[in-house]
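An overview of the molecular structure
In case you want the letters, here they are:
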Amino acid sequence: MLYPRPSETRQVVDLSGIWSFKLDQPGETLSEQWARQPLDETEPMPVPASYNDICQTIAGRDHVGWAWYEREFYADPAWADRHIFLRLGSVTHHAKVWLNGKLIAEHKGGYMPFGADVSEKLIHDGPNRLAVAVSNILDWTTLPPGEVVARKNSYPDGRSETHLTQSYFHDFFNYAGIHRPVRLVVSPKSHIQEIATTTELEADKGLVRYEIEAEAPSDAKLSVALVDAAGNAVARSEGAKGALEVADPQLWQPGEGYLYQLEARLSSGEKLLDVYRLPIGIRSVELRGNEFLINGKPFYFRGFGKHEDMDVKGKGLDDAINVKDFNLLKWIGANSFRTSHYPYSEEIMNLADEMGFVVIDESPAVGMWDKAREVFDDGLIGDEILQHHFDVMEELIRRDRNHPCVVAWSVANETASWEKGARPYLEKVLQRTRELDSTRPITCVFHGNPKKCQARDLFDFVCLNHYYGWYEHPGRLEVSAPMLENCMKTVYDNCQVPIVMTEYGADTIAGFHADPPEMFSEEYQCAMLEEFHKVFDKLDYVIGEHVWNFADFRTKQGITRVMGNRKGVFTRQRQPKQAAHLLRERWTGKKLGEWSG
Ligand code: BDP
């Protein structure tokens, strides 16, 4: 699904702002009649944002079930002969959308764009009423999975009451709402619908292959130009499918996000029908032996697992926080990140392209394990969730396939990979992903006892999460390095593929200090990272280090979480802990006193 970009033939109308909002009854009910007339007794709610921390009530924060959003907008009468697509950047996790009382779209999955053609459904001489119902329910058919549990409180005076709660097995708060912008994409009736590109390098030539889908009359023609950053067309081609050859191309590289625009023009005779400009980067990605090559050069991943997470807005798109995060990544000397544990906004992916950050793009398959049960082998994970997993991989790849920043797909984070059933499941997801994109390496993130894993040898490279000195052997820094080394050797002996450490770290409360280092202090976080670094620096098949986490983030409440997960190297407000300086020195050579740059 192409990102909405204005051009001389296209307009993008942003419907962000304050909408009317109302919670439905808790549970799985949906008061569909609410779509028929304007909602009453509403409260204001910003879009995009999560509603949880904005509602000033426990009922709002912890709501389980449907919530309603509504707003009016006007359609320009000049749009009567245009193609109008209503596009929702993401609604978490289920959405139903009504326009003027009619159901026009439904979507399952909280991190992907979707929408509907509303060309014939708009009113041009009065307000259009748009209603969006959002459900945050997770179960064993969704990704991530979860369970709605009725909890009974019984009181000494004999009273009792039941609360519905959402349980889930992943470690970030189940924020819900309209998280990304809602837009009207106004384009000509004959228009470009999809563009798929791949790039290759051959000696000193760059090759950009493209395939375009358009809704257009049979005599319409497509012409394509590749335009460099100075505005010069460096290659041209005709037709819906073809290849553009660029002599001596300027490559997209880590740290230097050079972008060309692939300018696609749809025309009929002399008449220009539509223009779409797609930013693309020319680069190659390849695994050779123990090396991850970008443009033929070995690449070592330095960076973080992140989250879309911030005060008040939760998971709502925020350009200010996103640009700040990229500036912090640059400051600390990171070159990459993983979209742990779900696809991030298209706006983040665009920034990564522009700023030259390398991304491991992850699906929302997280928390597919449970301490108390077997999830694959006892049939909790079955065909329905597998089919949904196929669907989200397809949606993700269709959305992100043109981003040069994406160098690998991660199909899941931390499944119950020790169970027998994990292997056939992950094998099918891997196969489907490979069918969808054969140009990028595919990985999966593993945890747990390295000797018991059933599936990691399937993947092109392995991602590992381990917390030796934290969850395993808490407080015992002396075991971190030997245990990690032993684990990595076991994994490598079994798979013979390179390893990225995708999670290591310690909860740290900014401002807590202790020497000798003690858990939760800034010193302990630094000491633990250093123990891990000793091992990475020793083993040549380790091709990257992603610290968990970039910043502190919100989780559900629990006795192991102090107002959220505190493994951030930055606080939730994006201020550095001591570990940020340690990493900056490791990754850039700059010391604490060197403030600028
Ligand atoms: C890992 C998970 C991550 C958690 C982290 C932690 O992948 O989502 O936040 O543990 O416990 O296992 O901090």
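In this numbering scheme, every chain counts its residues from 1 along its sequence in written order. Residues qualify for local features only when their pLDDT is at least 70, as the model is predicted, and side-chain atom pairs are given and counted only at 80 or more; totals for whole chains, interfaces and linings, by contrast, use all residues. Hydrogens are left out, water is left out, and the side-chain values use all remaining heavy atoms of the structure.

1. Comments concerning the pattern of salt bridges
Short version of the rule: By convention in these notes, a salt bridge is any Lys or Arg side-chain nitrogen within 4 Å of a carboxyl oxygen on Asp or Glu. Only DSSP runs of H or I covering at least 4 residues are called helices, and only runs of E covering at least 2 are called strands; the numbering of each starts at the N terminus. In this scheme, a residue with accessible area under 20% of its type's maximum is buried, one over 50% is exposed, and one in between is partly exposed, where area comes from a 1.4 Å probe on protein chains only.
In the structure shown here, the tally under the stated rule is 49 salt bridges. Asp40 serves as the salt-bridge partner of Lys22, at 2.8 Å between the closest nitrogen and oxygen. Here the residue Lys22 occupies a position in strand β2 (residues 17-26), and Asp40 occupies one in the loop between β2 and β3 (43-47), the gap between them amounting to 18 residues. A relative accessible area of 13% means that Lys22 is categorised as buried. With a shortest N-O distance of 2.8 Å, Arg180 and Glu308 are connected by a salt bridge. Here Arg180 is found in strand β12 (residues 177-188), whereas its partner Glu308 is found in the loop between β23 (301-305) and α2 (319-332), with 128 residues between them in sequence. Each member of the pair, Arg180 as well as Glu308, carries the same accessibility label: buried.

2. So, the site of the ligand
How we decide: Any residue with a heavy atom positioned within 4 Å of a molecule or strand is treated as near that molecule or strand. In the analysis that follows, any N or O atom pair within 3.5 Å is treated as a polar contact, provided that within protein one partner can donate a hydrogen and the other can accept it, and provided that, for residues neighboring in sequence, both atoms belong to side chains. Throughout, the Shrake-Rupley method with a 1.4 Å probe supplies accessible areas, and for residues the shown protein chains are the sole cover considered. Gly is placed with the polar residues, together with every amino acid not listed as nonpolar (Ala, Val, Leu, Ile, Met, Phe, Trp, Tyr, Cys and Pro) or charged (Asp, Glu, Lys and Arg).
Around the ligand, the structure places 13 residues, and the nearest of them are Asp171, His341, Glu414, Tyr471 and Lys567. Within the side chain of His341, an N or O atom sits 2.7 Å from an oxygen atom of the ligand. Residue Asn565 places a side-chain N or O atom 2.8 Å away from an oxygen atom belonging to the ligand. Here the ligand has 320 Å² of accessible area as a free molecule, and 90% of this is covered by the chains. Of the residues in the shell around the ligand, the class split is four nonpolar, four polar and five charged.

3. As for the sheet that holds strand β22 (residues 297-298)
The condition is simple: Pairing between strands requires that DSSP locate at least two bridges from one strand to the other.
Reading across the sheet, the three strands line up as β20-β21-β22 and stay open at both edges, with antiparallel pairing between neighbours. At either end of the open sheet lies a strand with only one pairing partner, and these are β20 (285-288) and β22. Pairing of β20 with strand β21 (residues 291-294) involves four bridges; the strand directions are antiparallel. Considered in β21, the bridge of Glu286 is made with Leu293.

4. Some words on the domain arrangement of the protein chain
To be explicit about the condition: By convention here, the domain bounds are inherited from an automatic or database domain assignment. We call two residues contacting when some pair of their heavy atoms lies within 4.5 Å. In short, buried area is how much 1.4 Å probe accessible area vanishes from two parts on joining, totalled over both.
You can read the domains of the protein chain as domain 1 (11-136 + 174-186), domain 2 (189-283) and domain 3 (286-587). The C-alpha-based centres of domain 1 and domain 3 are spaced at 32 Å. Taken residue by residue, the interface counts 18 residues in domain 1 and 23 residues in domain 3. The largest per-residue losses of area from domain 1 upon contact with domain 3 belong to Tyr111, Met112 and Tyr175, which jointly make up 35% of the total buried on that side.

5. Topic: the pairing of strand β18 (residues 260-268)
As paired strands, strand β15 (residues 221-227) and β18 are joined by seven bridges and run antiparallel to one another. Within β18, the residue paired with Lys221 across the bridge is Ser267. Examined bridge by bridge, β18 and strand β19 (residues 271-280) share nine bridges and lie antiparallel to one another. Of the residues in β19, the one forming a bridge with Arg265 is Val275.

6. Comments concerning the packing of aromatic side chains
Definition in use: To pair, rings of Phe, Tyr and Trp, with the six-membered ring standing in for Trp, must have centres within 6.5 Å; the planes then decide the type, stacked if under 30 degrees apart, edge-to-face if over 60, and tilted in the middle.
The tally for this structure, following the rule as stated, stands at 32 aromatic pairs. Ring geometry for Trp68 and Trp98: centres 5.1 Å apart, planes at 20°, overall stacked. Placement of Trp68 in strand β4 (residues 65-73) and of Trp98 in strand β6 (residues 94-99) is noted, with a sequence separation of 30 residues between them. Given a relative accessible area of 0%, Trp68 falls into the buried group. Ring geometry for Phe292 versus Phe461: centroids 5.6 Å apart, planes at 85°, classification edge-to-face. Taken together, the residues span a long stretch of sequence, with Phe292 in strand β21 and Phe461 in strand β29 (residues 461-465) at a distance of 169 residues. Exposure class is identical for Phe292 and Phe461. Each is buried.

7. So, the nonpolar core
When a protein is soluble and globular, its nonpolar side chains tend to lie buried together. Here is the rule: By nonpolar core we mean a set of buried residues, namely Ala, Val, Leu, Ile, Met, Phe, Trp, Tyr and Cys, connected to one another through side-chain atoms within 4.5 Å.
Ranked by size, the top nonpolar core spans 110 residues in total, and within it Phe304, Ile332 and Met488 carry the most contacts. Grouped together as the second largest cluster of nonpolar side chains are 33 residues, Leu15, Ala67, Leu99 and Val182 included.

8. Overview of the environment of Leu222
Within the element layout of this structure, Leu222 appears in strand β15. Residue Leu222 is classed as buried on the basis of its relative accessible area of 10%. Not counting the four nearest positions on each side in its chain, Leu222 is found in contact with Ile192, Ile212, Glu238, Gly239, Ala240, Arg265 and Leu266.

9. Details of α2
Put simply, the test is: Take the number of residues in a helix, subtract one, and multiply by 1.5 Å to get its expected span.
Here α2 contains 14 residues, and its C-alpha end-to-end distance of 20 Å stays within 8% of the 20 Å for a straight helix at 1.5 Å per residue. Taken together, the buried positions of α2 are occupied by Ile321, Asn322, Asp325, Phe326, Leu328, Leu329, Trp331 and Ile332. Where α2 is buried, its residues contact β23, β24 (336-338), α3 (346-355) and α8 (578-588). A side-chain oxygen of the first residue of α2 lies 2.9 Å from the backbone nitrogen of Ala320; this N-cap is Asp318. Once α2 ends, the next one or two residues include Gly333, with phi positive near 90°.

10. Quick notes on the sheet that holds β4
Note the cut-off: Structural elements are reduced to axes, namely lines fitted to C-alpha atoms, with helices fitted over the stretch in contact, and the angle between N-to-C directions of any two is expressed from 0 to 180 degrees.
As summarised here, the arrangement of the six strands in space is β3-β2-β4-β9-β6-β7, forming an open sheet in which the pairing is antiparallel. At either margin of the open sheet sits one strand with a lone partner, and together these are β3 and β7 (102-108). Sheet twist, expressed as the mean angle between neighbouring strand axes with direction ignored, is 30°. Across eight bridges, β4 lies against strand β9 (residues 128-135) in antiparallel orientation. Note on β9: the bridge partner recorded for Glu70 is Ala131.

11. What about the side chain of Arg82?
Using the following cut-off: Charge assignment: positive for Lys and Arg, negative for Asp and Glu; neither His nor the chain ends contribute.
Tracing the chain through its elements places Arg82 in strand β5 (residues 82-92). Notably, Arg82 is buried but unbridged: the nearest opposite-charge side chain belongs to Asp81, and the N-O separation is 5.6 Å. A polar contact is formed between the side chain of Arg82 and the backbone oxygen of Thr9, at a distance of 2.9 Å. Beyond its immediate chain neighbours, meaning those up to four positions away, Arg82 contacts Thr9, Arg10, Gln11, Ser119, Val186, Ser187, Pro188 and Lys189.

12. Observations concerning unusual backbone geometry
With omega at 0°, the peptide bond leading from Val47 into Pro48 counts as cis. Residue placement: Pro48 occurs in the loop between β3 and α1 (58-61). Across the junction of Ser340 and His341, the peptide omega takes the value -5°, indicating a cis bond. Turning to its location among the elements, His341 is positioned in the loop between β24 and α3. For Arg574, which is not glycine, the phi torsion reads 70° and is therefore positive. One can find Arg574 in the loop between β31 (542-548) and α8. Since its relative accessible area comes to 3%, Arg574 is described here as buried.

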